[in-house]
Amino acid sequence: MPINNGAADGALTDSHPTDSHPTDSHPTDARVADFVRLKRLHARAVRDSVALVRRIRPDDLTRPTPCAAWTLADLLAHMTVQHHGFAAAARGDGRDPAHWAVRPLGPDPVAAYGSAAEQVIAAFAAVDTPDRECHLPEFSAARTFPARRAIGFHLIDYVVHSWDVARTLGLGYDPGPELLGAALPIARAVPDDDSRLAPGSAFRPGLPVDDTAGELDRILALLGRSPSWHAPGHPARPTAPHDA
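Throughout, residues of each chain are indexed from 1 in the direction in which the sequence is written. Side-chain atom pairs in this predicted model are given and counted only at pLDDT of 80 or more, local residue features only at pLDDT of at least 70, and totals for whole chains, interfaces and linings cover all residues. Remark: hydrogens and water are excluded; side-chain values derive from all non-hydrogen atoms of the structure.

*Asks:* Tell me about the overall build of the protein chain, and please be specific about residues and values.
*Replies:* Along its length, the protein chain carries seven helices and two strands. Labels follow the DSSP assignment, with helices taken as runs of H or I lasting at least four residues and strands as runs of E lasting at least two, numbered in each case from the N terminus. What you see in the protein chain, going N to C, is helices and strands ordered as α-α-α-α-β-β-α-α-α. Long-range pairs, those at least 24 residues apart, make up 72% of the contacts in the protein chain between residues at least 6 apart in sequence. For the accessible areas, the method is Shrake-Rupley and the probe is 1.4 Å, while residue cover comes only from the protein chains on display. A total of about 10,700 Å² of accessible surface is found on the protein chain, and carbon and sulfur atoms cover 57% of it. The criterion used for residue contact is that any of the two residues' heavy atoms lie within 4.5 Å.

Printed below as a string of structure tokens:
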């Protein structure tokens with residue numbers, strides 16, 4: 001789902017290690033190392049989503065998802081075009097709205113999704129500095145965002161969308177502690193305000209979560225998803241803990 005402008009501007013803050021400015025206590029080489037790590041974790045999040053999308057069968061596309069009023073086909077179309085948009089932003093061409101226009105699914109949407117995912121991973125891998133300016137018109141037409149923020153936006157989106165796809169299909173999703181540890185501060189930084197009630201908002205108002213909840217459940221609840229959501233009327237598939 002498109003991320004509203006307020007949430008986008010706050011999704012990463014300079015208090016997060018991967019979004020820091022150079023200081024005597026955090027020199028440039030450490031910032032670069034943080035950026036390299038962020039790109040690696042971003043690639044993992046996107047490839048986790050690819051592994052889950054490969055489990056989709058044609059008759060799954062009409063299933064409801066945790067994204068209100070979206071079928072799995074709607075979600076997959078959104079996820080695919082967001083890869084194209086962010087890849088264009090990383091290449092310096094994100095201002096063109098054509099890159100962000102959702103298109104109907106083609107004859108092989110799973111293959112198209114995998115191709116788009118590899119494109120965005122390669123595009124961000126080629127970004128050589130965390131401060132490279134990226135145009136993200138769905139977030140703001142009036143400003144650019146440093147690459148470190150753009151990658152963070154995309155990373156948190158695909159941690160959550162991977163869960164969306166997994167839960168829609170009745171599959172397990174285990175991002176692993178390193179990826180969850182990077183994603184949780186980003187989720188905490190997304191403002192929980194009235195912008196979440198706007199039509200098309202990526203995130204709904206935050207939900208309460210038990211103090212003993214794990215990091216993934218905390219991320220989901222912070223972004224308005226119930227960790228207990230299950231697709232109504234569709235049986236879960238047999239699954240192992242690490243399907244993704």
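And the narrative resumes.
*Asks:* Give me the nonpolar core: which residues, what numbers.
*Replies:* With 60 residues, the main nonpolar core has Leu-136, Leu-155 and Ile-219 as its most contacted residues. Once residues within four sequence positions are removed from consideration, Leu-136 is found in contact with Phe-86, Ala-89, Trp-100, Phe-145, Ala-150 and Phe-153. To qualify as a nonpolar core, a set must consist of buried Ala, Val, Leu, Ile, Met, Phe, Trp, Tyr and Cys residues joined through side-chain atoms within 4.5 Å. Summary of the burial criterion: residues with accessible area below 20% of their type's maximum are buried, those above 50% are exposed, and those between are partly exposed, where the area comes from a 1.4 Å probe applied to protein chains only.

*Asks:* An account of the packing of helix 2 (residues 28–53) against helix 4 (residues 109–125) is needed here, citing residue identities and associated values.
*Replies:* Close contact between helix 2 and helix 4 brings their axes to 10 Å; oriented N to C, the two are set at 175°. Between helix 2 and helix 4, the angle is such that the two are roughly antiparallel. Contacts between helix 2 and helix 4 involve Lys-39, His-42, Ala-43, Val-46, Arg-47, Ser-49, Val-50 and Val-53 from the first element and Val-110, Tyr-113, Gly-114, Ala-117, Glu-118, Val-120, Ile-121, Phe-124 and Ala-125 from the second. Each residue gets one of three labels, nonpolar for Ala, Val, Leu, Ile, Met, Phe, Trp, Tyr, Cys and Pro, charged for Asp, Glu, Lys and Arg, and polar for the others, Gly among them. Class assignment of the residues belonging to the contact of helix 2 with helix 4 gives a composition of 11 nonpolar, three polar and three charged. Note on method: axes are straight lines fitted to C-alpha atoms, helices fitted across the in-contact stretch only, with angles between N-to-C directions ranging 0 to 180 degrees. Oblique is the label for any angle not under 35 degrees, not over 145, and not in the 65 to 115 range, which are roughly parallel, roughly antiparallel and roughly perpendicular in turn.

*Asks:* Explain the packing of aromatic side chains to me, using residue names and the numbers behind them.
*Replies:* When the centres of two rings from Phe, Tyr and Trp lie within 6.5 Å, Trp using its six-membered ring, the rings pair. Their planes under 30 degrees apart give stacked, over 60 give edge-to-face, and anything left gives tilted. Applying the stated criterion to the full structure yields two aromatic pairs. Both rings, one in Phe-86 and one in Trp-100, keep their centres 5.5 Å apart while their planes meet at 65°; by these two values the pair is edge-to-face. Residue Phe-86 is located in helix 3 (residues 72–91), and its partner Trp-100 is located in the loop between helix 3 and helix 4; the two are separated by 14 residues in the primary sequence. Overall, the relative accessible area of 1% leaves Phe-86 in the buried class. On the basis of an interplanar angle of 75° and a centroid distance of 5.6 Å, the ring pair of Phe-145 and Phe-153 is categorised as edge-to-face. Here the two residues Phe-145 and Phe-153 agree in accessibility, since each one is buried.

*Asks:* Explain the pattern of salt bridges to me, and be specific about the residues and the numbers.
*Replies:* Note on definitions: salt bridges are taken to be side-chain nitrogens of Lys or Arg within 4 Å of carboxyl oxygens of Asp or Glu. Tallied over the full model, the rule gives 11 salt bridges. Residue Glu-178 is joined to Arg-40 by a salt bridge in which the shortest nitrogen-to-oxygen separation is 2.7 Å. Remark: Arg-40 occurs in helix 2 and Glu-178 occurs in helix 6 (residues 177–189); sequence separation between them is 138 residues. Judged by its relative accessible area of 40%, Arg-40 is partly exposed.

*Asks:* A description of the environment of Arg-63 should follow, citing residues and the corresponding values.
*Replies:* Position of Arg-63 relative to the elements: it lies in the loop between helix 2 and helix 3. Distance from Arg-63 to Ala-73, taken between C-alpha atoms, is 8.1 Å for residues 10 residues apart in sequence. In protein, a polar contact requires one atom able to donate a hydrogen and another able to accept it; more generally it is a pair of N or O atoms within 3.5 Å, and residues adjacent in sequence count only if both atoms are side-chain atoms. Looking at Arg-63, its side chain comes within polar contact range of the main-chain oxygen of Thr-168, at 2.8 Å.

*Asks:* Tell me what's going on with the packing of helix 6 against helix 7 (residues 215–222), and back it up with residues and numbers.
*Replies:* One way to put it is that helix 6 packs onto helix 7 with a least axis distance of 9 Å and a crossing angle of 25°. As far as their axial angle goes, helix 7 and helix 6 are roughly parallel. Taken as a pair, helix 6 and helix 7 cross one another with a handedness that is left-handed. Note on element contacts: helix 7 touches helix 6 through Glu-215, Leu-216, Arg-218, Ile-219 and Leu-222, opposite Pro-177, Leu-180, Gly-181, Ala-183, Leu-184, Ala-187 and Arg-188. Partitioning the contact of helix 6 with helix 7 into residue classes produces eight nonpolar, one polar and three charged. Crossing handedness follows the turn of the near helix against the far one: under a right angle anticlockwise gives a left-handed crossing, and clockwise gives a right-handed one.

*Asks:* Can you lay out helix 5 (residues 147–169) for me, pointing to particular residues and giving the numbers?
*Replies:* For helix 5, built from 23 residues, the straight-helix expectation of 33 Å at 1.5 Å per residue is met to within 8% by its first-to-last C-alpha distance of 32 Å. Extensive coverage of helix 5 is indicated by the burial of 23 of its 23 residues. Just past helix 5, the residue Gly-170 takes up positive phi, approximately 75°. One less than the residue count of a helix, multiplied by 1.5 Å, gives the span that helix is expected to have.

*Asks:* Talk me through the environment of Leu-223; I want residue IDs and the actual numbers.
*Replies:* Tracing the sequence through the fold places Leu-223 in the segment after helix 7. Through-space distance from the C-alpha of Leu-223 to that of Val-190 is 7.9 Å; in sequence the pair is 33 residues apart.

*Asks:* Residue-level account of the environment of Val-120, with values.
*Replies:* In this fold, Val-120 is placed in helix 4. Of the residues examined, Val-120 reaches a relative accessible area of 0% and is grouped as buried. It is 9.5 Å that separates the C-alpha atoms of Val-120 and Arg-91, two residues lying 29 residues apart in sequence. Excluding residues that lie within four positions of it along the chain, Val-120 makes contacts with His-42, Val-46, His-83, Phe-86, Ala-87 and His-154.

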